[in-house]
Amino acid sequence: MAENKTNTDRIKRIYDLCEDHFGDVRFVGVKLQNKIGWVAKVQFDGDFESLTADGETSIDALRKLKNRVKKIIKRYNGV
């Protein structure tokens, strides 16, 4: 049986991906905004300031953010 992931698990996974590739991570989280909906954000301490993704649900926003981070890492490793 598949284990149900929580938003905490998803945030931790994004944090680990970012920390391994980018270095210092200041913040990873998700919040609800009135006009946009759910927004997931990762904020860095270095030159690369932040990445965001939005979605209809918190799970959707976190999933999009993780995919965005993975895409950047894949492009970087392909160079």
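## Observations regarding the pairing of strand S1 (residues 25-33)
Inspection of the sheet shows S1 paired to strand S2 (residues 37-44) by eight bridges, in the antiparallel sense. Counted as the bridge partner of Gln33 is Gly37 from S2. Taking the residues that link successive antiparallel strands as the turn, the S1-S2 hairpin has three residues.

## Regarding the pattern of salt bridges
Taken as a whole and assessed by the stated rule, the structure comprises three salt bridges. Note that Asp16 and Lys12 form a salt bridge whose closest N and O atoms lie 3.0 Å from each other. Placement of the pair is Asp16 and Lys12 together in helix H1 (residues 7-22), with a separation of four residues, close to one helical turn. For Asp16, a relative accessible area of 26% gives the class partly exposed. A residue is classified by how much of its surface remains accessible, and Lys12, at 47% relative accessible area, is partly exposed. The closest approach of N and O atoms between Asp60 and Lys64, which form a salt bridge, is 3.7 Å. Placement of the pair is Asp60 and Lys64 together in helix H2 (residues 58-78), with a separation of four residues, close to one helical turn.

## So, the packing of aromatic side chains
All chains considered together, the criterion is met by one aromatic pair. Between Phe22 and Phe44, the ring centres sit 4.7 Å apart and the planes meet at 50 degrees, which makes this aromatic pair tilted. Residue Phe22 is found in helix H1, and its partner Phe44 is found in strand S2; the two are separated by 22 residues along the sequence. When its relative accessible area of 3% is taken as the criterion, Phe44 is described as buried.

The rules behind these values
- Residues numbered from 1 in each chain as written.
- Predicted model: local features only at pLDDT ≥ 70, side-chain atom pairs only at ≥ 80, totals over all residues.
- Heavy atoms only, no water.
- Pairing = 2+ DSSP bridges.
- Helix = DSSP H or I, 4+ residues; strand = E, 2+ residues; numbered from the N terminus.
- Salt bridge = Lys/Arg side-chain N within 4 Å of Asp/Glu carboxyl O.
- Buried < 20%, exposed > 50% of the residue type's maximum accessible area, 1.4 Å probe, protein only.
- Phe/Tyr/Trp six-rings, centres within 6.5 Å; stacked < 30°, edge-to-face > 60°.

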